Each structure stands twice: as structure tokens, then as C-alpha cells.
Amino acid sequence: MTVFRVTPIGIKRIKIMLNDLRKDKRMELILMNNDAFIKRGNGKLTVSYGESLLININPDKNSFDKTIDENILLKKRRDNNFLILPLNNFVNQCNRYRVLIEEGYFFILCDKDGYVIEIIANDQLNEDFKKLQFREGISLRLEDSGTNAVNIAMEYKSLAQLYGKDHYCDLFKNWYCTAMPITDHYSKEIVAYLDVSRIKIPSIKEQSITLKNIAIYIEKCISYRSKKMSLVGEEIDDTDKLILSSLVRNGVRKAVMDEVGISDRALRNHLNKLGILFDADNDIKIIMTAINIGIIDTHGNIL
């Protein structure tokens with residue numbers, strides 16, 4: 001792709017064009033229904049190309065060079081584990097999606113800021129991604145990666161479908177991508193963006209169906225979590241969380257008492273309280289509910 005040098009007059013004209021397109025965009029958003037999505041030929045892509053050009057994104061870049069610090073990534077993954085877990089569970093437990101992974105499809109989960117927090121792909125793709133420095137922690141925001149399906153979905157809060165040549169950077173020239181927001185319907189907030197992609201395929205019409213099926217499952221999980229957390233969140237104190245964490249890792253109450261430093265009676269009081277809050281009549285059900293609503297993860301990490 002040729003890199004254009006834009007003169008000050010050219011920049012002014014592009015800005016005027018973008019402002020006009022944004023006005024049209026706001027009107028289109030008002031008229032859009034829930035089934036509408038952004039795809040090849042849509043004027044919104046023209047707006048994104050212009051913005052990529054204005055901020056001097058290099059269309060010939062050959063690697064993903066914008067990434068966050070490892071400690072920041074670990075925190076982002078920990079904070080968003082309530083999204084990562086159901087995504088992995090759904091993909092790994094359903095034979096249809098495991099087959100898609102083996103065939104070359106891959107899933108990209110981004111946090112609400114556009115940073116990649118989970119990649120699910122087969123071994124060959126993971127090796128290929130290393131050459132591009134495509135890994136968890138990289139940014140798919142417009143200002144870092146140019147026009148792509150994820151930042152289009154971020155900008156318009158809608159499903160976006162991009163063929164290889166629809167992207168601004170040559171990095172994506174063989175990527176056929178479909179992305180959409182993940183919404184917590186209880187809090188009515190977008191909490192993440194999910195992308196399903198394939199390299200060098202003739203059509204991506206079916207990708208939106210695959211993506212929507214997974215998104216529906218994740219949204220049900222996180223909405224359930226938010227509803228439950230709103231009911232029990234204020235009742236759960238730090239000691240309760242330490243007990244739940246220890247119980248997952250150790251499995252027996254004696255080890256929990258030693259690790260947390262509480263008496264048998266105090267432990268029973270806390271577990272009785274949790275049992276009532278979670279409507280659970282044994283330790284296993286208490287643990288499973290705590291995991292499902294996002295207090296701890298399956299390894300006992302406090303979320």
C-alpha cells in the first residue's frame with residue numbers, strides 16, 4: 001500500500017469531509033435497528049480510513065508494535081476473567097467450535113478499551129502470530145492499528161464485518177474479520193469486544209452467526225453475574241473472599257482455618273452466611289456459585 005503525504009490544505013479538506021460524514025453517521029445510528037451491521041461499502045469505513053490517514057498510521061507496518069506492560073496486562077486479564085472464563089468454556093466444550101479452531105478460525109477478546117486480553121487459535125496460527133508480534137496485550141484501537149473490525153465495532157457499538165482489503169494496514173490484508181460488542185444487559189454497559197476471524201477465505205457470511213451465538217452465551221453469563229453481585233456484593237467481606245479462595249485451592253476446612261487464621265466456629269459462621277446468600281447447602285455449591293458470579297476464579301484467585 002502506498003503511503004500518501006498529506007498537505008495542510010489536504011488535511012483541512014479531509015477534516016471537512018469527515019465532519020460531514022460524521023453528521024450522516026449520527027443520523028444513520030438513530031435510524032439503525034439491532035440487526036444492522038457495518039460491512040464493505042459502508043460510508044463509516046470511509047470515515048475510519050480518513051482518520052487513520054490523518055493520524056499518520058503507517059499502512060505498510062509489518063508487526064503489531066503497540067502493546068501494554070506485562071503487569072498491566074495481568075491486571076486487565078484478572079479484572080476481565082469473568083469474560084475470559086465463559087469464552088473458553090463455551091469454545092472448548094462445544095465440538096463445533098473446537099473444529100472451527102482446528103480449521104483455522106481464531107477468536108480475539110478485547111477489553112472495553114480495545115486491548116487484546118485473550119486469543120484462542122490453533123498451534124499453527126499461534127506460531128504465525130509470533131512473527132507478527134500479535135499477542136495478548138496488543139492494541140487494536142484505531143490510533144494503533146488503523147481501521148479494523150474491532151475498532152469499527154467500538155466506534156459504532158455495532159457488529160462489523162471486514163474483508164482483508166477493507167482494513168487500512170497491510171497487516172490485516174489476508175484477515176477476514178467479524179467483531180461485535182459484548183454487553184452486560186443488567187448494567188446496560190458494553191464491557192468488551194469479541195472478534196472471530198479467518199485468514200484467506202472466500203466468504204465470511206457465516207462468521208456473524210458463529211459470533212452472535214458465542215456473544216449471547218457470554219452476555220447471559222455476565223448479566224447473571226451482575227444481577228447476583230448486585231444482590232450479594234455488599235454482604236461479602238474480605239474474610240469471605242479469603243475463605244472462598246482458600247476453599248477452592250485447599251478443598252478442606254482445616255486447611256482453610258490454618259491459611260486464613262480463623263477458628264472452626266468463625267469459619268462455620270462465614271460459610272453459613274455464604275450458604276444463605278448463595279442458596280447453597282454445601283461447600284461445593286458455595287464455591288461454584290462464587291465462581292459463577294465472579295467473586296473468585298477456578299484457581300482461587302480473588303477477582
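Residues numbered from 1 in each chain as written. Predicted model: local features only at pLDDT ≥ 70, side-chain atom pairs only at ≥ 80, totals over all residues. Heavy atoms only, no water.

When you look at the packing of aromatic side chains in this model, what are you seeing that I'm missing?
The geometry of two aromatic rings is summed up by the distance between their centres and the angle between their planes. Throughout the structure, instances matching the rule amount to 12 aromatic pairs. Judged by centre distance (5.0 Å) and plane angle (50°), the ring pair of Phe64 and Phe134 falls under tilted. A residue pair is termed long-range when its members are at least 10 positions apart, and Phe64 in the loop between α2 (43-54) and α3 (70-79) and Phe134 in the loop between α6 (123-132) and α7 (142-145) qualify at 70 residues. Judged by relative accessible area, which is 4%, Phe134 ranks as buried. For the ring pair Phe129 and Phe134, a centre distance of 4.9 Å and an interplane angle of 75° mean the geometry is edge-to-face. Residue Phe129 is classed as buried on the basis of its relative accessible area, which comes to 2%. (Phe/Tyr/Trp six-rings, centres within 6.5 Å; stacked < 30°, edge-to-face > 60°. Helix = DSSP H or I, 4+ residues; strand = E, 2+ residues; numbered from the N terminus. Buried < 20%, exposed > 50% of the residue type's maximum accessible area, 1.4 Å probe, protein only.)

Looking at this structure, how should I read the pattern of salt bridges?
Where charged atoms of side chains with opposite charge meet at close range, the side chains can pair. The tally for this structure, following the rule as stated, stands at 17 salt bridges. Across the salt bridge formed by Lys61 and Asp65, the nearest N and O atoms sit 3.1 Å from each other. A residue is classified by how much of its surface remains accessible, and Lys61, at 12% relative accessible area, is buried. Residue class for Asp65 comes out exposed when judged on its relative accessible area of 55%. Measuring nitrogen to oxygen at the nearest pair gives 2.6 Å for the salt bridge that ties Asp111 to Lys76. In this pair, Asp111 sits in strand β2 (residues 106-111) while Lys76 sits in helix α3, placing the two residues 35 residues apart along the sequence. A relative accessible area of 15% places Lys76 in the buried class. One salt-bridge network, held together by shared partners, links Lys76, Asp111 and Asp113. (Salt bridge = Lys/Arg side-chain N within 4 Å of Asp/Glu carboxyl O.)

Mind showing me how you'd approach the nonpolar core here?
For soluble globular proteins, nonpolar side chains are generally found buried alongside one another. Phe64, Ile108, Phe129, Phe134, Leu140 and Trp175 are the most contacted members of the largest nonpolar core, which totals 32 residues. Among the secondary structure elements, those contributing two or more residues to this core are α2, β2, β3 (116-120), α6, α8 (149-156), β4 (159-162) and β5 (175-184). Ranked by the residues each element gives to this core, the list is headed by α8, at six residues. The contact partners of Phe134, leaving out residues within four places of it in the chain, are Phe64, Ile108, Ile119, Phe129, Leu140 and Trp175. Among the nonpolar cores identified, the runner-up in size contains 26 residues, and Leu83, Val91, Leu109 and Ile214 belong to it. (Core = buried A, V, L, I, M, F, W, Y, C linked by side-chain atoms within 4.5 Å. Contact = heavy atoms within 4.5 Å.)

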